[in-house]
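# Close look at the chain arrangement
Chain by chain, the residues:
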Amino acid sequence: QPRGVVGTLSRAARRAVACAFVALTVLTAGPSRPAAQGAPRFEVVGDMLLDVTQATAIRRVGGPLGATFLTVNPWPNGVMPVVFQAGISEAERSLFMTTCERWMAESPFRCVNHTTEPQFAFVRKAGATACQASVGRPASGNAQIDLVEGFCWQSGIILHEIGHALGLHHEHQRADRDKYIWVDATTPQVIARPGAYVASASILGRGPYDFESIMHYGDFAVLPKPAYAHYFNRIGGAEPSAGDRVA
């Protein structure tokens, strides 16, 4: 999972938190219910919600189900309009928008309150079963960001899910990742969500491998290879990295 408060803990403490995160995660890849009128149906893959176009592309190309072969539509001018579900408090809304401002530093990304834009990102808490988000602007309908009450409402988690909603994939799933990390397939996280850990031949990455990306999982299932051991306690940044901001 991405770091936030988690990023300040020891590896052992982070493992315990990671197990709690798995308990909140959807374990099946079946379609989820639309969050709001106009929202597409999604397929759950790890902490990502894939729209029909993305899921169809995966099935057409074949290969493991995960963050692979995804098509991403950018938000116009990097601006993502946001609508909050009724019941999300003013404090939570403020936390979300303030957290999004950390993406805005040195990047073109912005979150704004929805007015008349034809598409928006719908942030929901009631009915959410995990910390998860659709990837980019859907081909039709609205984007969706699910944040379970409590655990998901910390800045590191919100930063990561906003990254998906803006259109970013997982750094640890890029095609060349095996040169830099190894994934322990016996851990509860990988067993529960294998699609969130597979490498994809179609994710080439931009620039050098970024251990400190907010889009890189920092849980105990992912470890740097010996040549990169100095990243042991730095995998999965607490803030969007320089690489994230230009992706």
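Refer to the structure presented above.
First, a word on what this report is: a plain description of the structure on this page. On a predicted model such as this, the values are computed, not experimentally measured, just so you know.

### Some details on the overall build of the chain
- Counting its regular elements, the chain contains 6 helices and 10 strands.
- Accessible surface, the chain: about 10,300 Å² in total, of which carbon and sulfur atoms supply 59%.

### Considering the packing of aromatic side chains
- A full pass over the atoms with the stated rule returns 9 aromatic pairs.
- A ring pair is formed by Tyr180 and Phe211, whose centres lie 6.2 Å apart and whose planes are at 85°; its orientation type is edge-to-face. With Tyr180 in the loop between helix H4 (155-166) and strand E9 (181-183) and Phe211 in the loop between helix H5 (188-192) and strand E10 (222-224), the pair connects residues that are 31 residues apart, well separated along the chain.
- Seen in terms of ring centroids, Tyr180 and Tyr228 are 5.2 Å apart; in terms of plane orientation they differ by 55°. Their pairing is tilted.

### With respect to the state of the cysteines
- All chains considered together, the criterion is met by 2 disulfides.
- With its sulfur 2.0 Å from that of its partner, Cys100 forms a disulfide with Cys111. Here Cys100 and Cys111 share a disulfide; its torsion about the S-S bond, 75°, makes the bridge right-handed. Of this pair, Cys100 sits in helix H3 (residues 90-104) while Cys111 is found in strand E5 (residues 110-113), placing the two residues 11 residues apart along the sequence.
- What pairs with Cys131 in a disulfide is Cys152, and their sulfur atoms sit 2.0 Å apart. Given an S-S torsion of about -85°, the disulfide between Cys131 and Cys152 has left-handed geometry. A residue pair is termed long-range when its members are at least 10 positions apart, and Cys131 in the loop between strand E6 (121-124) and strand E7 (132-134) and Cys152 in the loop between strand E8 (143-146) and H4 qualify at 21 residues. Taken individually, Cys131 and Cys152 each receive the classification buried, so the pair is uniform in this respect.

### Some details on H3
- For H3, built from 15 residues, the straight-helix expectation of 21 Å at 1.5 Å per residue is met to within 8% by its first-to-last C-alpha distance of 21 Å.
- Residues Glu92, Phe96, Met97, Thr99, Cys100 and Trp103 constitute the buried set of H3. Down the axis of H3, the buried side of the element spans an arc of 160°, and every buried residue falls inside it. Opposite the buried face of H3, by more than 90 degrees, sit the exposed residues Glu90 and Ala91.

### Here we look at unusual backbone geometry
- One non-glycine residue, Asn77, lies in the positive phi region at around 60°.
- When you line up the elements, Asn77 lands in the loop between helix H2 (52-61) and strand E4 (79-84).

### Structural notes on the nonpolar core
- Counting residues in hydrophobic clusters, the biggest one holds 31 residues, and the most contacted among them are Met80, Phe96, Trp103, Val123, Ile145, Leu147 and Ile162.
- For this core, the elements supplying multiple residues, two or more each, are E4, H3, E6, E8 and H4.
- The leading source of residues in this core is H4, at 6 residues.
- Apart from residues no more than four positions distant in its own chain, Met80 is found in contact with Trp75, Arg110, Cys111, Val112, Ala121, Ile145, Ile162, Ala165 and Leu166.

### Considering the pairing of E5
- Here E4 runs beside E5; their pairing, made up of 4 bridges, is parallel. Bridge pairing in E5 places Val82 opposite Asn113.
- Between E4 and its parallel partner E5, the chain crosses via H3, and the hand of that crossover is right-handed.

Criteria and cut-off values
- Residues numbered from 1 in each chain as written.
- Predicted model: local features only at pLDDT ≥ 70, side-chain atom pairs only at ≥ 80, totals over all residues.
- Heavy atoms only, no water.
- Helix = DSSP H or I, 4+ residues; strand = E, 2+ residues; numbered from the N terminus.
- Areas by Shrake-Rupley, 256 points an atom, 1.4 Å probe, with all protein chains shown as cover.
- Phe/Tyr/Trp six-rings, centres within 6.5 Å; stacked < 30°, edge-to-face > 60°.
- Disulfide = S-S within 2.5 Å.
- Buried < 20%, exposed > 50% of the residue type's maximum accessible area, 1.4 Å probe, protein only.
- Expected span 1.5 Å × (residues − 1).
- Arc of directions from axis to C-beta.
- Core = buried A, V, L, I, M, F, W, Y, C linked by side-chain atoms within 4.5 Å.
- Contact = heavy atoms within 4.5 Å.
- Pairing = 2+ DSSP bridges.
- Right-handed = clockwise from strand over helix to strand, strands pointing away.

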